[in-house]
Structures are given as C-alpha cells and as structure tokens.
Amino acid sequence: MTTQDSQPALSLEENILKVLTRDITRTLSAPEIAQAIAAESDWHALLMPIRRAAVALAQSGRLVIYRKGKPADPLDFRGVYRLGLPRQD
C-alpha cells in the first residue's frame, strides 16, 4: 500500500511512534494518538488496533504504557492508559 506520492504507507506501529516523537516530553492517550493519525476519518475505529500495537511495542521496549502515571504491565492493564516513549536517563 502506498500514498499518493509513491512513498510506502507507515504501519500503525510506526505512526504511533511518529506521533509520540512529536512531543517526547509528555504521554498521550489512545484517542489523542488516533486523532493525530486519522483526524479526517473515523479515528474511533483505531482505538483497539492502537491498543494491540501498543502492547507489541511495549513488549519490544519501544514505548511504555502508563496507567495512573506509572508504567503498566503491557499484558495486564485495564481502563484508561497513556503511551509514551521510554525515558533515556
């Protein structure tokens, strides 16, 4: 799948990381990320795919899933969550 200018389309995982890279100083919710990726379309349909992609990215160490401000186990979290890039300290 390619975009109109013949560049390959980014995967959902790549899009999530791209959105998080724009402002590395804060975390973002799944709806914020979905709106950034698909502002002109039905971004609600992206919420579950974003959650699945976030779990995969967290398991590979490429992002952190936060629950109540603390890192959460990517295989065992519920409710409202936020996503952020791993800290480089």
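Thresholds, definitions, all that
Residues numbered from 1 in each chain as written. Predicted model: local features only at pLDDT ≥ 70, side-chain atom pairs only at ≥ 80, totals over all residues. Heavy atoms only, no water. Salt bridge = Lys/Arg side-chain N within 4 Å of Asp/Glu carboxyl O. Buried < 20%, exposed > 50% of the residue type's maximum accessible area, 1.4 Å probe, protein only. Helix = DSSP H or I, 4+ residues; strand = E, 2+ residues; numbered from the N terminus. Phe/Tyr/Trp six-rings, centres within 6.5 Å; stacked < 30°, edge-to-face > 60°. Pairing = 2+ DSSP bridges.

*Asks:* Just checking my understanding: could you explain the pattern of salt bridges for this structure?
*Replies:* Pairing is possible between side chains of opposite charge, provided their charged atoms come close. Following the criterion strictly, the structure yields two salt bridges and no others. For D23, the salt bridge identified is with R26, shortest N-O distance 2.9 Å. Judged by relative accessible area, R26 falls into the partly exposed class, the value being 42%. Here R82 makes a salt bridge to E32, at a shortest N to O gap of 3.4 Å. Of this pair, R82 sits in strand β4 (residues 82-84) while E32 sits in helix α2 (residues 30-37), and the two are 50 residues apart along the sequence.

*Asks:* Looking at this structure, how should I read the environment of W43?
*Replies:* Within the secondary structure, W43 sits in the loop between α2 and α3 (47-59). The buried category is assigned to W43, whose relative accessible area is 17%.

*Asks:* I keep staring at the packing of aromatic side chains and nothing clicks. Help me out?
*Replies:* Each pair of aromatic rings is reported with the distance of its centres and the angle of its planes. Within this structure, the stated rule accounts for one aromatic pair. On the basis of an interplanar angle of 70° and a centroid distance of 5.1 Å, the ring pair of F77 and Y81 is categorised as edge-to-face. The two residues F77 and Y81 agree in class, both being buried.

*Asks:* Help me out: how do you make sense of the sheet that holds β4 in this one?
*Replies:* Strand order in the open sheet formed by four strands is β1-β4-β2-β3, and the pairing between neighbours is antiparallel. Sheet topology places β1 (28-29) and β3 (70-71) at the edges, where each strand pairs with a single neighbour. Judged from the three bridges that link them, strand β2 (residues 64-67) and β4 form a sheet pairing that is antiparallel. Directly across from V64, in β4, lies its bridge partner G84.

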